[in-house]
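# Working through the structure, step by step
Okay, here's what each chain looks like letter by letter:
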Amino acid sequence: MQSHLCGHTSPSQTYLHFHLRLFSPSWGLKGSLCRLRRQKNRPSGNTGSAFALFVKAKEVEVDMSASQREISWRCCQQTFKDLTSIHRHVASQHSGDIGQQASLILKQMAGIGINSASVDEMSRPNKTPDRNQEVIYNLPDISHIDSDEMKSSGAGSNGEVLLYYCYCEVADPVGLCVWQEALCQHLYLTGKVRIASEGINGTVGGSRTSTHLYVDAMLSHPLFKGILTKEDFKTSAGGGHCFPDLRIGVFEEIVPMGIHPEKVSYKETGIRLAPKDFHAEVEKYLSQGHNAQMDTILLDCRNFYESKIGHFQGCLAPNIRKFSYFPIYIDENLDLFRGKRILMYCTGGIRCERGSAYLRSKGICTEVYHLKGGIHKYLEEFPDGFYRGKLFVFDERYAISSNSDVISGKIYSFQSERYFCKMHPVSQVFANYYRRAPSCLASFN
């Protein structure tokens, strides 16, 4: 997710580049995911965007078994088994169709607004758009704001980073994806946004002027009205420099737990506790004797390298490398949680939403609570509370702190596809690299 976002065009010249990346069905995703990306060296115009949408529209997905799906493409009464063949066919036989779709994308981005239903119709032609769902997503008026005020430069600038999520039913993820791309480029924001039928999860950085306009735009969006509030946005010092680029995509889950949202829904989440109530619960837990503590588990559901540099006192921190391992950890330790009262927490609250839902689905705990807004919100109210050490964040800052405690002198992170562990002192980010196998997890603990 890294390439520098640069060369901003003016709002009226903003182009949307669709980059459709096809994934292996064994990844557990829905075959093909729409990923939007601004690329520095991408050719001008919207032909590439239209080409990707056209190919996406020809996709056919066949269930081979409960865990495997086969993807092919059907066009002109022919079946294509690989991307190369469908690309060659579309390039040679459908140049006129591509041109028409490119014109439509350009028209949508040139100031008319974005009609999400029409974009969704192109990418999912088998679904008939509902006229009631057609919404023109407008962009904030920034004509009265100086462009320098909109931009966030390097460290020390008047910028900030937003962290938020919203679980809700999204009927048109692709349309929302298009609007998010246009909105972030319009406001000179960088960051990462994940969109799915179950909601949206984002972290973006820029000037404070830009982030405030972004929050206003999100709160006024008809999809989020009455659901998303200003308090749901966690803020921290930073800016556009905290992210190398802007990446927005449509996924099966807004946080990758590896279980389909229809199987474990956010609607079955545990009981949310406000920071002050969670603080009181932790205080009560720590003040009790060992026997009383046996009835309650303070559970950190983050990755091991996050809890290594900061955690709540007295917590149980699973030795997991990524959140998709959390359900496995629960399944392997059911007896540990049986009959217990659970207090869960994570960075911003999103992992606890479905993590607690998964734990509740096992029917073994007496009660499952989790920290609303996560550690981020807790530290805003209790900077010297029961959370000690640094808070790991998934951007170029790597960690932020609210107290002087140092739990560990190193940050541990992964490039999971390559099993490449990176170990470096907090004060010297990326100073040293060491190649290790997956078994290195055990040695860290």
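Everything that follows concerns the structure shown earlier in this document.
A short tour of the structure in this document, coming up. In this text, all values refer to a predicted model and were calculated from it rather than measured experimentally. (Residues numbered from 1 in each chain as written. Predicted model: local features only at pLDDT ≥ 70, side-chain atom pairs only at ≥ 80, totals over all residues. Heavy atoms only, no water.)

## What to know about the sheet that holds strand 13 (residues 271-273)
Short version of the rule: Criterion used throughout: strands pair if DSSP finds at least two bridges between them. Each helix corresponds to a stretch of at least 4 residues labelled H or I by DSSP, and each strand to a stretch of at least 2 residues labelled E; elements are numbered beginning at the N terminus. Where helices are involved, their axes are fitted lines through C-alpha atoms of the stretch in contact, as for all axes, and angles between N-to-C directions lie from 0 to 180°. Two residues qualify as a contact provided that any one of their heavy atoms is within 4.5 Å of a heavy atom in the partner residue.
Taken in spatial order, the four strands make up an open sheet running 13-17-16-14, and their pairing is parallel. Edge strands, defined here as strands with exactly one partner in the open sheet, are strand 13 and strand 14 (296-300). This sheet shows a mean twist of 25° between the axes of neighbouring strands, independent of strand direction. Direction of pairing for strand 13 relative to strand 17 (residues 367-371): parallel, over a ladder of three bridges. Considered in strand 17, the bridge of Arg272 is made with His370. Against the sheet, helix 8 (residues 275-287) touches strand 13, strand 14, strand 16 (341-345) and strand 17, its axis set at about 125° to strand 16.

## Let's talk about the packing of aromatic side chains
Condition: To pair, rings of Phe, Tyr and Trp, with the six-membered ring standing in for Trp, must have centres within 6.5 Å; the planes then decide the type, stacked if under 30 degrees apart, edge-to-face if over 60, and tilted in the middle. Only protein chains enter the accessibility calculation, which uses a 1.4 Å probe; a residue whose area is less than 20% of its type maximum is buried, one above 50% is exposed, and one in between is partly exposed. Only when the NZ atom of a Lys or the CZ atom of an Arg is both within 6 Å of the ring centre and within 35 degrees of the ring normal do we say a charge sits over the ring.
One pass over the full model with this rule turns up 13 aromatic pairs. Ring geometry for Tyr167 and Tyr266: centres 4.9 Å apart, planes at 20°, overall stacked. One end of the pair, Tyr167, is in strand 8 (residues 159-167); the other, Tyr266, is in the loop between strand 12 (246-250) and strand 13, with 99 residues separating them in the sequence. Residue classification places Tyr266 among the buried residues on the basis of a relative accessible area of 15%. Their ring planes at 20° and their centres at 5.6 Å tell us that Phe323 and Phe326 sit as a pair that is stacked. Across the pair, exposure class does not vary: Phe323 and Phe326 are buried alike. Through successive ring pairs, a cluster of aromatic residues spans Phe278, Phe312, Tyr345, Tyr378, Phe382 and Tyr387. The ring centre of Phe251 lies 3.9 Å from the NZ or CZ of Arg194, which sits over that ring.

## Some remarks on the pairing of strand 17
In summary, the side chains of a regular strand alternate between the two faces of the sheet. Cut-off, in case you're wondering: Seen with the strands pointing away from the viewer, any crossover whose path from the first strand over the helix to the second strand runs clockwise is right-handed.
Across the five residues of strand 17, four count as buried, placing the element largely inside the fold. Pairing between strand 16 and strand 17: four bridges, direction parallel. Following the sheet pairing, Leu343 is matched in strand 17 by Tyr369. With respect to chirality, the unit in which strand 16 leads through helix 13 (residues 350-361) into the neighbouring parallel strand 17 is right-handed.

## Some remarks on the side chain of Thr296
As for its position among the elements, Thr296 is in strand 14. Since its relative accessible area comes to 10%, Thr296 is described here as buried. Once residues lying within four places of it in the same chain are set aside, the contact partners of Thr296 are Tyr285, Arg341 and Leu343.

## Considering helix 7 (residues 208-220)
The criterion, for reference: By this rule, a helix spans an expected 1.5 Å times one less than how many residues it contains.
Between its first and last C-alpha, helix 7 extends 18 Å over 13 residues, near the 18 Å set by a 1.5 Å rise per residue. Taken together, the buried residues of helix 7 touch helix 5 (147-150), strand 8, helix 6 (173-186), strand 9 (190-196) and strand 10 (199-207).

## Notes on helix 13
Over its 12 residues, helix 13 extends 17 Å from the first C-alpha to the last, a length consistent with the 16 Å expected when each residue adds 1.5 Å. With respect to burial, helix 13 is a largely interior element, 10 of its 12 residues being buried. Among the residues making up helix 13, those that are buried are Ile350, Arg351, Cys352, Glu353, Arg354, Gly355, Ser356, Ala357, Tyr358 and Leu359.

## Remarks on the packing of helix 8 against helix 14 (residues 374-381)
As a reminder of what qualifies: Throughout, the term roughly parallel applies to angles under 35 degrees, roughly antiparallel to angles over 145, roughly perpendicular to angles from 65 to 115, and oblique to all others.
Where helix 8 meets helix 14, the axes come as close as 9 Å, and the angle between the chain directions of the two elements is 90°. What the angle tells us is that helix 8 and helix 14 run roughly perpendicular. Within the contact between the two elements, helix 8 uses Pro275, Lys276 and His279 and helix 14 uses Lys377, Tyr378 and Glu381.

## Structural notes on the packing of helix 6 against helix 7
The condition that has to hold: Definitions for this section: a left-handed crossing has its near helix turned counterclockwise from the far helix by less than a right angle. A right-handed crossing has that turn clockwise. Charged residues are taken to be Asp, Glu, Lys and Arg, nonpolar residues to be Ala, Val, Leu, Ile, Met, Phe, Trp, Tyr, Cys and Pro, and polar residues to be all remaining types, Gly included.
It is at 10 Å that the axes of helix 6 and helix 7 come closest, and there the two elements cross at 155°. Relative to helix 7, the element helix 6 is oriented roughly antiparallel. The handedness of the crossing between helix 6 and helix 7 comes out as right-handed. Where helix 6 abuts helix 7, its residues Trp179, Gln180, Leu183 and Cys184 lie against Tyr214, Ala217 and Met218. Split into classes, the residues belonging to the contact of helix 6 with helix 7 amount to six nonpolar, one polar and no charged.

## Section: the nonpolar core
Nonpolar side chains in soluble globular proteins tend to end up buried together. To keep things clear, this is the line we draw: The set of buried Ala, Val, Leu, Ile, Met, Phe, Trp, Tyr and Cys residues whose side-chain atoms join them within 4.5 Å is what this entry labels a nonpolar core.
Counting 32 residues, the largest nonpolar core has Leu187, Val193, Ile200, Tyr214, Met218, Phe224 and Phe233 as the members making the most contacts within it. If sequence neighbours within four positions are ignored, Leu187 has contacts with Pro140, Ile142, Met150, Ser210, Leu213 and Tyr214. Counting 29 residues, the second largest nonpolar core, distinct from the first, contains Met257, Ile342, Ile350 and Ala357.

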